[in-house]
Amino acid sequence: MDLFGKTITELQALIKEKKVAASEVWEYFVKRSKRHNPKLNAYVSLLEKPSNPIVKGIIPKMELWGIPLAVKDNYCTKGVRTTASSKVLDDFISPYESTVTSKLKLSGYELLGKTNMDAWAHGASTETSDYGLTKNPWDLGRYPGGSSGGSAAAVAAYIAPGAIGSDTGGSIRHPSAWCGIIGLKPTYGRVSRYGVIAMGSSFDCPGPMTQSVEDNAMLLQIMAGKDPYDATSSPVAVPDYRSKMKTKRKLKIGIAREYLKGVEPDIQTAFENMVDVIKKMGHSVVDVSLMSPEYSISVYTIAQRAEVSSNLGRYDGIRYANNRAYFGQEAKRRIMLGTYTLSHGYYDAFYKKAQKVRTLIKNNFKKTFEDVDLIIGPNTPVTALKVGEFEKYPFFGELMDQLNESASVAGIPAMSIPIELDSKNLPIGMQIMGNYFDESSIFNFAYQIEQETNFFDVIKKGREKYK
Amino acid sequence: MSKYTPVIGLEIHVELKTKSKMFCQCDADYFGKKPNSNTCPVCIGMPGALPVPNRTAVEWAIKIGQALNCVINKHSKFDRKHYFYPDLPKAYQISQYDEPIAVNGRFNIITTPSSLRSATPPYIGGEFTNNNLLLTKEEYPKGEVVKKIAITRVHLEEDTGKLTHTGKDTLVDFNRSSVPLVEIVTEPDFENAEDVKIFLEKLHTIIRYLDVSDANMEEGSMRMEPNISLSMISDKAERMKHLPNYKVEVKNINSFNFAKKAIDFELIRQAKILDKGETPAQETRGYDDKKGITFSQRSKEEAQDYRYFPEPDIPPMEFSDEEIEAIRLTIPELPSAKRERFIRDFGLKENEAAILARERSIADYYESVFSKIKSIRASSEIENVEKLTASAIVNKRISISQSPDEFAEKFIETYKPIDVDQDKLSEVIASIIKNNPKQVEQYNAGKTGLLGYFVGMVMKEMNGKADPQAVQKLMRERLS
């Protein structure tokens, strides 16, 4: 049976109906990964053997039985090397399992490999990885975006049917947009951070990256929920995303003009066309006014750098592979800036003020969501850049993530979906932001668009040349 | 008029004896365990591990705050305190900065002016002043003085690991890492080492009453660091407004007595430096209990920047009035109240009441034992059971290392009025007078001290079955 391009949901059905064996699925993706990874460099580590033993002929009731997934290398996976793409952790074999991967394991998934990322998740290109750059499957001369670039490339080239990423300031949405797949940053606290190597602790959100909206909802269903090991995880009940997704709701969609500034014309046009489609689908579209994303960038930069400087202190060279000299340029920059803003005499001017503005941004979103169900806008100001352009911008990440960081600062859920290709034949993403813990509305809306447009076959076109 | 007034403030760390550690589920009792066997990803700061606060530890910290008459903050949070040290696995300690569990407390200690004078060390150049007395001798009976010690704050934090230096290697053991610690900070209200010792003893008693820590200084479950300096200003209010421009912190003090000795040593050392017109260095000093001296450990010229910021992994804590009140209700009767009640209700002597109230287990034993005794019928002939029980315990006449039932039995045996065979007693007395004519003669000649000798002989003949006091009375009558 040709498994090429099958969604996770489709693979689950084939396994359940015994049309394909779990071991075949495993071998299929291992083979594809081995074949395509050398040019893509999507993985830091590729597993040789399935972690959940596959017993021939027996199909347990576990939901993800026999489904191999790629997991970003900042998730601690017991007995498997976990580096966060930094040589500082070059030989770190985690002695424990993150909550997210534990949940996936209990659902029967197979860990296919650990995906490449910007070192410590610092960046939007994977170029800061100590294990080489991941290439964009659409154009090997371009960045996949980041920091979850390896996960995005793996899904886009279909060397994995789905992947897990983490989003601090756009790290799931940004590469999803540049690689033309679906990526969700859930509400902060919806998914446990336990065992995810901390970047910006008050922003970090684990989330799914997939080829279909249903796959995305299904993975979030497994990942979400209160975790006794994460005090910031939320006790809010997890709804049944898939059943809620399939009732066609007419939604009230807000567009913030502040989020269209400085966006490439191709993206602008694609977005406007999408708005027309949305209107034709019967949703109402209204203009909303949000605080300028510039404020979010300032707040994000200060708070995240402060948290980074604190979180990286433990890699002092005493207990892990390599010493501090192995920190890359970007990590050093962030440690220095964060240390500075937390210093005595500067704390009030920077960190404390940033927290106050953060509260204003949260309130701004809360108020806006009293009026609309969702807010949409372009996901990135530009499509995938050519390798080397990173060098030109000292705050490359912030520039690329400028439309993503507001949702991170506020802690609201946001998804990137592919809506079109630009004139360079590169995918364009649209961002859908929802109210706190209202991933359901995002799934509902994205699913309707998928049904209506199939995302203009962007996902299909992306994987086609890796057939 | 003396020149210097000591200015002493305390920082006290109390290790809570919760079941699990502050932020993970490892056993909080690390004592005597194989190094690094009592650890998990959280307390060794593994990548990705997260802290989850221990609810009991939070409640106990509130309880300590309440026992020290503090205001409990309804909004409290944890903060990260950054510094590098090999025993600190995350490179920050989770502590509390600007919103501690409790603030603005007060704690009274009772001391006597005379004991203070003898407690204050003489040094070349004079003696230290002592004038933070709240009440004068006249206002407070029995020559006692009540002093008010202000408590600045009570906060919760995690303990660090432990370093062991062996030869040229340093080994680190994380078994203690993340054990809950309560830090109690006082204002620099102490003016002598004796008061510090009294304060520590009282604090120790209360912490043990709350049953939240062993508070054992020798084992390190209670640690204290005094900040010591000398002021030229004798007026208290003025002195507090213009604190000395240096202070010396003393570490590694592991008993109440060493606390006093270390402070006394330090006061004299500093006075000698000031006498020369110099200022003692701002530094941390260690205490060597063998030599009885303090020694320089590290300079604190530059205040260390800990880069505190709110711990993002733990949401801020909110406590309602009801929650705070519910915790207050779990505080048992504290020693001073218990002592007062023992004196008031049972007529105990002050020193007896104080000894019984010092340890909650002894006070509880005392109360359970005398009520047990009173429930036994045979005790009805014994008067003043409460007082007799107290005296039996305090004077160690009956051991308290037995069950209350056994104690009660022994007590009744000891104090029950004896059924005296009056006929036999008369016979015995008569025969002793008859058989000891020489001693009787001496007695009558004025050697009245022999009365005890006669009583002893009677008691021996009676096999102890007589009341010595009654025998003495009878004997005196017969001899005259």
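Residues numbered from 1 in each chain as written. Chains lettered and ligands numbered in written order. Predicted model: local features only at pLDDT ≥ 70, side-chain atom pairs only at ≥ 80, totals over all residues. Heavy atoms only, no water.

### Observations concerning the sheet that holds strand 4 (residues 79-82) of chain B
Residue and element names in this part refer to chain B. One open sheet holds the three strands; their spatial order is 5-4-15, and the pairing between them is antiparallel. Each of the sheet's edge strands pairs with one partner strand only, and the pair in question is strand 5 (92-95) and strand 15 (309-310). Of the strand pairs in this sheet, strand 4 and strand 15 are connected by two bridges, and their pairing is antiparallel. Its bridge partner lying in strand 15, Arg80 is registered against Phe309. (Pairing = 2+ DSSP bridges. Helix = DSSP H or I, 4+ residues; strand = E, 2+ residues; numbered from the N terminus.)

### What to know about the pattern of salt bridges
Under the definition given, this model contains 54 salt bridges over all chains. One network of salt bridges, with partners in common, ties together B:Glu333, B:Lys338, B:Arg341, B:Arg360, B:Asp364 and B:Glu367. (Salt bridge = Lys/Arg side-chain N within 4 Å of Asp/Glu carboxyl O.)

### Here's the deal with the UniProt feature "active site" (unreviewed entry) in chain A
Residues and elements named next belong to chain A. Here the UniProt feature "active site" (unreviewed entry) sits at Lys72, Ser147 and Ser171. On the basis of their most widely separated C-alpha atoms, the annotated residues across 100 residues gather in one place, lying no more than 10.9 Å apart. In the annotation above, Ser171 are the residues that line the second largest cavity. Counting through the fold element by element, Ser147 comes out in the loop between strand 3 (110-115) and helix 4 (149-156). Apart from residues no more than four positions distant in its own chain, Ser147 is found in contact with Lys72, Asn116, Met117, Asp118, Ala121, Gly123, Ala124, Thr126 and Ser171. Take Ser171: it is sitting in the loop between strand 4 (162-167) and helix 5 (173-179). (UniProt positions renumbered as here; feature names shortened; annotations may be inferred. 1 Å grid on protein atoms, 1.4 Å probe; cavity = no way out; pocket = protein on both sides within 12 Å on 5 of 7 lines; lining within 4 Å. Contact = heavy atoms within 4.5 Å.)

### What about the packing of helix 7 (residues 335-346) of chain B against helix 8 (residues 350-358) of chain B?
Residues and elements named next belong to chain B. In contact at an axis separation of 9 Å, helix 7 and helix 8 are set at 140° when each is read in the N-to-C sense. With respect to each other, helix 7 and helix 8 are oriented oblique. For the pair helix 7 and helix 8, the crossing hand works out as right-handed. Here Pro335, Lys338, Arg339, Phe342 and Ile343 of helix 7 come into contact with helix 8, specifically with Glu350, Ala353, Ala354, Leu356 and Ala357. A per-class count over the contact of helix 7 with helix 8 returns seven nonpolar, no polar and three charged. (Axes fitted to C-alpha atoms, helices over the stretch in contact; angles between N-to-C directions. Parallel < 35°, antiparallel > 145°, perpendicular 65-115°, else oblique. Left-handed = near helix turned anticlockwise from the far one by under 90°. Nonpolar A, V, L, I, M, F, W, Y, C, P; charged D, E, K, R; others polar.)

### A few points about the domain arrangement of chain B
Its domain assignment divides chain B into domain 1 (5-328), domain 2 (335-415) and domain 3 (422-479). The centre of domain 2 of chain B, based on its C-alpha atoms, is set 34 Å off from the matching centre of domain 3 of chain B. (Domains from an automatic or database assignment.)

### Some remarks on the interface of chain A and chain B
For interface size, the figure often reported is the accessible area lost on association. Counting residues at the interface gives 37 residues for chain A, matched by 32 residues for chain B. Together, the buried faces of chain A and chain B total about 2,600 Å²; carbon and sulfur atoms form 58% of this surface. Summed over the three residues of chain A that lose the most area to chain B, namely A:Ala231, A:Ser310 and A:Arg314, the buried surface amounts to 22% of that side. Run the count over chain A and chain B and you get one salt bridge. B:Asp313 serves as the salt-bridge partner of A:Arg193, at 3.0 Å between the closest nitrogen and oxygen. At the surface where chain A touches chain B, the tally comes to 14 residue pairs in polar contact (both at pLDDT 80 or more). Looking at the side of chain A that touches chain B, the elements that each hand over two or more residues are helix 9 (293-311), helix 10 (329-342) and helix 11 (348-368) of chain A. In terms of residues, the side of chain A that touches chain B owes the most to one element, helix 9 of chain A, which gives four residues. A per-class count over the side of chain A that touches chain B returns 20 nonpolar, ten polar and seven charged. (Buried area = accessible area lost by both parts, 1.4 Å probe. Polar contact = N/O pair within 3.5 Å; in protein donor to acceptor, adjacent residues only side chain to side chain.)

### Concerning the sheet that holds strand 9 (residues 374-378) of chain A
Residues and elements named next belong to chain A. Reading across the sheet, the eleven strands line up as 1-3-2-4-6-5-10-11-9-7-8 and stay open at both edges, with mixed pairing between neighbours. A strand with exactly one partner marks an edge of an open sheet, and here the two such strands are strand 1 (43-46) and strand 8 (284-288). Each adjacent strand pair in this sheet contributes to an overall mean axis angle of 30°, direction not counted. One ladder, built from three bridges, connects strand 1 with strand 3; its direction is antiparallel.

### Section: a negative patch on the surface
Where like charges cluster on the molecular surface, the negative patch consists of B:Glu381, B:Asp419, B:Asp421, B:Asp423 and B:Glu427. Within the secondary structure layout, B:Glu427 lies in helix 12 (residues 422-435). (Patch = residues over 30% accessible without salt bridge, like charges linked within 9 Å, V, L, I, M, F, W, Y side chains within 5 Å. Areas by Shrake-Rupley, 256 points an atom, 1.4 Å probe, with all protein chains shown as cover. Lys, Arg positive; Asp, Glu negative; His and termini not counted. Charge placed at Lys NZ, Arg CZ, Asp CG, Glu CD.)

### Details of helix 5 (residues 256-275) of chain B
The end-to-end C-alpha distance of helix 5 of chain B, which contains 20 residues, comes to 29 Å, matching closely the 28 Å that a straight helix rising 1.5 Å per residue would cover. One or two residues past the end of helix 5 of chain B sits B:Gly277, with phi positive at roughly 85°. (Expected span 1.5 Å × (residues − 1).)

### Quick look at the pairing of strand 8 of chain A
Residues and elements named next belong to chain A. Summarising the sheet, strand 7 (residues 252-256) and strand 8 pair through five bridges and their orientation is parallel. Paired with Ala256 across the strands is Val288, a residue of strand 8. The handedness of the strand 7 to strand 8 crossover, carried by helix 8 (residues 265-280), is right-handed. (Right-handed = clockwise from strand over helix to strand, strands pointing away.)

### Digging into the nonpolar core
Ranked by internal contacts, the top residues of the largest apolar core, which has 237 residues, are A:Trp120, A:Met430, B:Ile184 and B:Phe199. Counting the residues that make up this core, at least three belong to each of domain 1 (5-328) and domain 2 (335-415) of chain B. Of all hydrophobic cores here, the second largest spans 17 residues; its members include B:Val440, B:Leu450, B:Leu451 and B:Ala466. (Core = buried A, V, L, I, M, F, W, Y, C linked by side-chain atoms within 4.5 Å. Buried < 20%, exposed > 50% of the residue type's maximum accessible area, 1.4 Å probe, protein only.)

### Some remarks on unusual backbone geometry
Between A:Gly146 and A:Ser147 the backbone carries a cis peptide bond, its omega angle lying at 10°. Even without a glycine there, the phi angle at B:Asn104 is positive, about 50°. In this structure, B:Asn104 sits in strand 6 (residues 102-111). A relative accessible area of 57% places B:Asn104 in the exposed class. Notably, B:Ser178 is not glycine yet its phi reads approximately 80°, a positive angle.

### Observations regarding empty space enclosed by the protein
Over the atoms rolls a probe the size of a water molecule, and its path tells where empty space is left. One pass over the structure, following the stated rule, counts six cavities of 30 Å³ or more. Taken as a whole, the largest cavity holds about 80 Å³ of empty space. Together, 14 residues line the largest cavity, and B:Val42, B:Ala49, B:Leu50, B:Pro51 and B:Lys90 are the ones closest to its centre. Taken together, the residues of the lining of the largest cavity break down into eight nonpolar, two polar and four charged. Of the voids in this model, the second largest cavity is the one considered here, and its volume is about 70 Å³. What lines the second largest cavity is a set of 13 residues, among which A:Gly123, A:Tyr300, A:Gln304, A:Arg334 and A:Asp401 lie closest to the centre. Of all elements in the fold, only helix 9 and helix 12 (396-400) of chain A reach the threshold of two or more residues within the lining of the second largest cavity. A breakdown of the residues in the lining of the second largest cavity according to their chemical character gives three nonpolar, six polar and four charged. (Points joined across faces, edges and corners; volume = space filled by probe spheres on them.)

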